[in-house]
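Reading the structure
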Amino acid sequence: EDDVEVEDKPQAKSGKLPKDVQKSLVFILLSVAFWFIAYNAVTTAFSRYATHVWKLEGGGYADCLLIATVAAIISYIPIGIIASKIGRKKMILIGIVLLGACFLAAGLYNTYHWTMVIFFGIIGFAWASIGVNSYPMVVEMSKAGDVGKYTGLYYTFSMTAQIFTPIVSGALLQYVSYNTLFPYAIFFTVCAIITMSRVKHGD
């Protein structure tokens, strides 16, 4: 019994991760950056997009963002239950694919239509699927003594993405076209799918 305790102790301490786990950590952190870049581009510029492209006035666009927020809140607990059965990685990938599909669908609309509310409800579910499961995956890869360090990494990548995307997507909207918003979001969503599919640990 004493031997078992001695062998278990290093797992609880901080230290360098195995190479395969390090690789998974890099890929999930890149994924975090990519999906925050995509999602925050849409949420940050959606009001301007809706005004210029869909000609919405009087804050009519707010309903879509509200629906997305409500859908996310309602979904948190069910998503946690589903993820415990099918795995965090699969739940995140489902969320990213749904996110990209809804961005694609929304980008095809030249004018606002009530069905947009459905798409934004799905976006809320998709974003919750990603958010509920991504941080636990990062922490799962860390050793007990390094939880704070990997929490810091997670927020460094997510916050950097949220600083980066309003500047870059905003420049595209201003100097190229407002129609670049959803293609921009779709591109980084696809990047997130590619990097997330390479994650092998933390589930």
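Whatever comes next refers back to the structure up there.
A brief report on the enclosed structure follows. What you see is a predicted model, and the numbers here were worked out from it, not measured in a lab. (Residues numbered from 1 in each chain as written. Predicted model: local features only at pLDDT ≥ 70, side-chain atom pairs only at ≥ 80, totals over all residues. Heavy atoms only, no water.)

1. Overview of the overall build of the protein
If you tally the helices and strands in the protein, you get 7 helices and 0 strands. In sequence order, the protein lays out its α and β elements as α-α-α-α-α-α-α. A total of 203 residues make up the protein; the buried ones form 42% of that total. Counting contacts in the protein only where the partners sit at least 6 residues apart, residues at least 24 apart contribute 83% of the total. Accessible surface, the protein: about 10,700 Å² in total, of which carbon and sulfur atoms supply 65%. (Helix = DSSP H or I, 4+ residues; strand = E, 2+ residues; numbered from the N terminus. Buried < 20%, exposed > 50% of the residue type's maximum accessible area, 1.4 Å probe, protein only. Contact = heavy atoms within 4.5 Å. Areas by Shrake-Rupley, 256 points an atom, 1.4 Å probe, with all protein chains shown as cover.)

2. With respect to the environment of T180
Relative to the assigned elements, T180 resides in the loop between helix 6 (147-175) and helix 7 (181-196). With relative accessibility at 16%, the residue T180 sits in the buried group. For T180 and G107, which are 73 residues apart along the polypeptide, the C-alpha to C-alpha distance reads 9.0 Å. Setting aside anything within four residues of it in sequence, one finds T180 in contact with L172 and L173.

3. Thoughts on helix 4 (residues 88-107)
With 20 residues, helix 4 extends 28 Å from end C-alpha to end C-alpha; this agrees with the ideal 28 Å at 1.5 Å per step. If you check which residues of helix 4 are buried, you get K89, M91, I92, G95, I96, L99, G100, C102, F103, A105 and A106. (Expected span 1.5 Å × (residues − 1).)

4. As for the packing of helix 2 (residues 19-52) against helix 7
Look at helix 2 against helix 7: their axes get within 8 Å of each other, and the N-to-C directions meet at 165°. With respect to their mutual orientation, helix 2 and helix 7 come out roughly antiparallel. The two elements helix 2 and helix 7 cross, and the hand of that crossing is left-handed. Contact residues: F27, I28, L30, S31, F34, W35, I37, A38, A41, V42, A45 and Y49 in helix 2; L181, F182, Y184, A185, F188, T189, C191, A192, T195 and M196 in helix 7. When the residues that make up the contact of helix 2 with helix 7 are grouped by side-chain class, the tally is 19 nonpolar, 3 polar and no charged. (Axes fitted to C-alpha atoms, helices over the stretch in contact; angles between N-to-C directions. Parallel < 35°, antiparallel > 145°, perpendicular 65-115°, else oblique. Left-handed = near helix turned anticlockwise from the far one by under 90°. Nonpolar A, V, L, I, M, F, W, Y, C, P; charged D, E, K, R; others polar.)

5. Focus: the packing of helix 2 against helix 4
For the pair helix 2 and helix 4, interaxial distance at closest approach is 12 Å and the crossing angle is 30°. Taken together, helix 2 and helix 4 sit at an angle that is classed as roughly parallel. Read as a crossing pair, helix 2 and helix 4 show a hand that is left-handed. Residues W35, A38, Y39, V42 and Y49 of helix 2 touch helix 4, and the partners they reach there are I92, I96, L99, F103, A106 and G107.

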